[in-house]
Every structure is written in structure tokens, then in C-alpha cells.
Amino acid sequence: MSIRAKTGLKRKVRAFRARHSKPVEAEVDLGADSARIRYGEREIFFRSRNLPERPRRTADFALLALSLAALSRGRNFRLNAPVTQSAYEHHRRYMWFWRTIDPKRFAPARVECPIIVPDPELAPDAGSLICLSGGVDSTYALLNNPGRYRHGLLLKGADYPVDGPSGFDELESRVCRIAGTQGLAVGVVETNLRDIFGDWEALHSGMLVACLRFALADVGRGAYAADYTPMQEALVFPWGNMRAVAEVLSSGLVPLDHLHSDVPRTQKVAFLARQPEEVLSSLTVCYETPHNAQNCGKCRKCMMTRLALQAVSDPSLREGAEVAMFGGVMNPLEFVRSLQLSPDPADPTRTSLLLRFDDIGRYLPEGALRRAIMNRLGFGRPSIPEKLQDD
């Protein structure tokens, strides 16, 4: 059986299960800095540290966590814990959003909520959190919103496993150094939620919001950075930290900010190139070294960042930033020429890489590197380069 046929069969099984199976009973154990969502023989856990303690009276975060499992697994749930009226309404919109976009991919499952309570008042001292990862997008968002958020939030259980050896401790140190330049403390939420649901590319923004809600005790402002512009997001959908998810899940109790979708990534890199060495040496853009959170300097993500730095016109500034981030300077021309792209035009990895090439190529000065990028894009003779805002 082909992979496509197997995928189609799995989706049919999930859809049948969602339409005909009885809901699984889910219970929530709430603690001061932890929570467990138990259903059947499985559980979803959340643990936090270095965050202000707040009383937990509702399980809105648990409703969103179960929504992710329901959509991707075709499981119906009955959540036996109090959820607010607004959380329930936004949960329904979120489920409708994904099933409307791709009814074959996402099962018509449901999460029943027998205990719905009125929304509490939003207290003046409610918390505010910005998601941080140590990467280009979140660091740009942090540095361009001084004083707006009271804490940073780092997630363990997404790119770094909750259990087992990893470089998370070093990543946390790096993120804390960056946040420290703004006088911001960083808290951590650990969760196994990614292990519970499938379809990581589409649903990871929902996981971010679930962790924000948990960390805020379901009341307060949350934020995460855009990693694509609106045009790019439309082409790589459903990849990325989607604006649509922030809009669907934002409520009066937990308003969500989707930060800087109007700024292309090359502009963000150029801005960061002008930051102190403490920030540059702490940036983490690599996905090849999760065991130590350092930048290998050779993988696709590292090379794309090196490539974006080529748009910075001041050579001493450009080279200084590259040395701080990667330990040395490298000409990315051969990388552009030799990078293997999938022959499938619908492959989202191919689309994402081409979008990054397009973004970088707009700002590079005329020369061999810009011509190589334009050739990879199939644009032929390059047009006049655009000017970076910070140049």
C-alpha cells in the first residue's frame, strides 16, 4: 500500500471514530505549578518553574490541549473540569477553523464541556508573557517591545524533549542572557503535549497558546512572534506561528499578540546584526545540535541566516555578527548553488526555502550571490535591490 493510500485510510478511521465513538472521560488535577489531564490510560502534563504563582480556578488550557488531540486523533472527549464561557466559544471556533480548511485531514471530533462557568473579571495585575525560543523571530519581537511583557516564556517539549539528554539547559541560559538585556525574567513550561497529538506543523501554534494559558492560569496577555509575512504564511500554510490561530483563540481573558508579521526575516536579521555581542552570541538558529543548543554553522537554517547577513552592507558589521553567531565567516555562494530542492512543487519544505531565497534576494547587493539566488527562483535577470531599513 502506498504512503498516500495509508494516509487516506488513517484519516477515514479517525473520521469514523470521531463520528461514532463515545467520548473519553478526562479529569484534571490542578496544582500550584503543575497540572495533569488524565484520560483512559494516558495523561497530558504541564509543569512550570520560575513563573509567578497564580490561583488556578479553570481548565481552559486543558480544553485547548484536548482539542489538539481530538483534531489529530479523532478522539471525542468529555472534560470534567470547569471552563469559562469564552474559552468554550473560542474552542468551538478553533475546531471549526481547522475542519473547514481541511475536513479530510482533521477529524470531526468534539470535546464536551459539562461544567461551563462565567468569565471572571480581568484583574489589573494579570500577567503578560511573550514566548521566547532564542531564535531570530522571538528575539526581534522581544527587543522591539521593551517593557510590554512582564515575563518571557520558554517551552520544553517542542523542539527539545522533556525527558532524556538534550541541550535545553544551555538553550535556557542563552534565552535568559538575551532576555536579561531587557531586564526580563524567563519562566519555563514543560509538557508532553507534542507526544499526544499528531500534525505538528499545523497544530503547534495551538500548543503555544495552550502553554501560555497554563502559565497565565487562564487570565492574562500572551504573545508569540510571526515567522513569516502574510504573503509567505499563505504559501506555506499550515506551517509557521500562524496569525489566524492567534485571532481565533484570542479572547478577553487571554488576548494574544501576533508580533511583527509585517517585518521580513532578512530585515530582522539585519536589525539583530547591530545588537551587542551578548545578544548575537546567544542567538540559537540551528536544528542540527539539540544536544548543546549551539549553532553548527553548516545546516540549512544556519546557512540561511549566514545568507541573510550578506544583505548587511557594512562588511565589518556583517562579519562581526557572523563570527559572534557561528565562530567564523563563510561564503554561502556554493550553498545556494548546490542546495537540493524537492522536485514536488507542493512540498512545503521546498516552498519555505524558496520563500527565504526570495526574501533574502530582495535585499542583496548586485553580484554573483544575488544572481545565483535569482536563478534558483527562476526569475532570470535580477531587478534593482531593495534597501534595508537599518542600512
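Please refer to the structure higher up on the page.
Computed from a prediction, not measured in an experiment: that's the story for all the values here.

Caption draft 1: Geometry of the overall build of the protein chain. Helix and strand content of the protein chain: 16 helices and twelve strands. Here the C-alpha radius of gyration of the protein chain, 22 Å, is about what a compact globule of 391 residues would show, namely 21 Å. A principal-axis box enclosing the C-alpha atoms of the protein chain has dimensions of 65 × 55 × 35 Å. Each of the 391 residues in the protein chain was classed as buried or not, and the buried ones make up 56%. The contacts of the protein chain with a sequence gap of at least 6 include a subset with a gap of at least 24, amounting to 71%. For the protein chain, the accessible area works out to roughly 17700 Å², and carbon and sulfur atoms hold 50% of it. The positive charge centre, built from 52 side chains, and the negative charge centre, built from 45, are 6 Å apart in the protein chain.

Caption draft 2: A look at the pattern of salt bridges. This model, assessed by the stated rule, comprises 18 salt bridges. Between R110 and E112 there is a salt bridge, with its nearest N and O atoms 3.2 Å apart. Given a relative accessible area of 33%, R110 falls into the partly exposed group. By relative accessible area, which is 25% here, E112 ends up partly exposed. Look at the salt bridges and you will find they share partners, linking E25, R78, R110 and E112 into a network.

Caption draft 3: Quick peek at the layout of surface pockets. The computed volume of the largest pocket comes to approximately 1600 Å³. In this structure, the largest pocket is lined by 46 residues; those nearest its centre are D137, D159, H204, D227 and K301. Within the residue set of the lining of the largest pocket, elements represented by two or more residues are β8 (127-132), α4 (136-143), β9 (151-156), α7 (200-215), β11 (220-225), α10 (265-272), α12 (300-309) and α15 (348-361). When residues of the lining of the largest pocket are assigned to their parent elements, the largest contribution, six residues, is made by α15. For the lining of the largest pocket, the per-class residue count stands at 25 nonpolar, eleven polar and ten charged.

Caption draft 4: Region of the structure containing helix α3 (residues 85-101). Taking 1.5 Å per residue, 17 residues should reach 24 Å; α3 reaches 25 Å between its end C-alpha atoms and fits that length. Of all the positions in α3, only S86, A87, Y88, H90, H91, Y94, M95, F97 and W98 are classed as buried. Looking at the buried side of α3, the elements it contacts are α2 (60-73), β5 (83-84), β6 (111-112), β7 (116-117), α7 and α9 (243-249).

Caption draft 5: A look at empty space enclosed by the protein. What the rule picks out here adds up to four cavities of 30 Å³ or more. Taken as a whole, the largest cavity encloses approximately 60 Å³ of empty space. The element contributing the most residues to the lining of the largest cavity is β8, with three residues. The residue makeup of the lining of the largest cavity, split by class, is five nonpolar, three polar and one charged. For the second largest cavity, the calculated volume is near 50 Å³. Lining the second largest cavity, in full, are D60, T84, S86, A87, R213, D218, S251, L253 and V254.

Caption draft 6: Geometry of the pairing of strand β10 (residues 185-191). Counting buried positions along β10 yields six of seven residues, so the element is predominantly enclosed. With four bridges connecting them, strand β3 (residues 42-49) and β10 associate as antiparallel partners. Across the sheet, S48 pairs through a bridge with V189, a residue of β10. Note: β9 against β10, six bridges, orientation parallel. For L153, the partnering residue across the bridge sits in β10 and is G187.

Caption draft 7: Representation of the packing of α15 against helix α16 (residues 368-377) within the structure. At a closest axis distance of 10 Å, the pairing of α15 and α16 adopts a crossing angle of 140°. Between α15 and α16 lies a crossing of left-handed hand. Taken together, the residues of α16 that come into contact with α15 (itself represented by L354, F357, D358, I360 and G361) are R370, I373, M374, R376 and L377.

Caption draft 8: Up close: the packing of aromatic side chains. Applying the stated criterion across every chain yields a total of eleven aromatic pairs. Ring centres of W98 and F106 lie 5.1 Å apart, and the angle between their planes is 50°; on these two criteria the pair is classed as tilted. W98 sits in the buried class, given a relative accessible area of 0%. The exposure class of F106 is buried, given its relative accessible area of 2%. Ring geometry for Y160 versus F168: centroids 6.1 Å apart, planes at 70°, classification edge-to-face. Relative accessible area serves as the criterion here: at 9%, Y160 is assigned to the buried category. Through successive ring pairs, a cluster of aromatic residues spans Y94, F97, W98, F106 and F237. Here the guanidinium or amino end of R194 rests over the ring plane of W200, the centre of that ring lying 4.0 Å away.

About the thresholds
- Residues numbered from 1 in each chain as written.
- Predicted model: local features only at pLDDT ≥ 70, side-chain atom pairs only at ≥ 80, totals over all residues.
- Heavy atoms only, no water.
- Helix = DSSP H or I, 4+ residues; strand = E, 2+ residues; numbered from the N terminus.
- Rg over C-alpha atoms; globule rule 2.2 N^0.38 Å.
- Buried < 20%, exposed > 50% of the residue type's maximum accessible area, 1.4 Å probe, protein only.
- Contact = heavy atoms within 4.5 Å.
- Areas by Shrake-Rupley, 256 points an atom, 1.4 Å probe, with all protein chains shown as cover.
- Lys, Arg positive; Asp, Glu negative; His and termini not counted.
- Charge placed at Lys NZ, Arg CZ, Asp CG, Glu CD.
- Salt bridge = Lys/Arg side-chain N within 4 Å of Asp/Glu carboxyl O.
- 1 Å grid on protein atoms, 1.4 Å probe; cavity = no way out; pocket = protein on both sides within 12 Å on 5 of 7 lines; lining within 4 Å.
- Points joined across faces, edges and corners; volume = space filled by probe spheres on them.
- Nonpolar A, V, L, I, M, F, W, Y, C, P; charged D, E, K, R; others polar.
- Expected span 1.5 Å × (residues − 1).
- Pairing = 2+ DSSP bridges.
- Axes fitted to C-alpha atoms, helices over the stretch in contact; angles between N-to-C directions.
- Left-handed = near helix turned anticlockwise from the far one by under 90°.
- Phe/Tyr/Trp six-rings, centres within 6.5 Å; stacked < 30°, edge-to-face > 60°.
- Lys NZ or Arg CZ within 6 Å of the ring centre and 35° of its normal.

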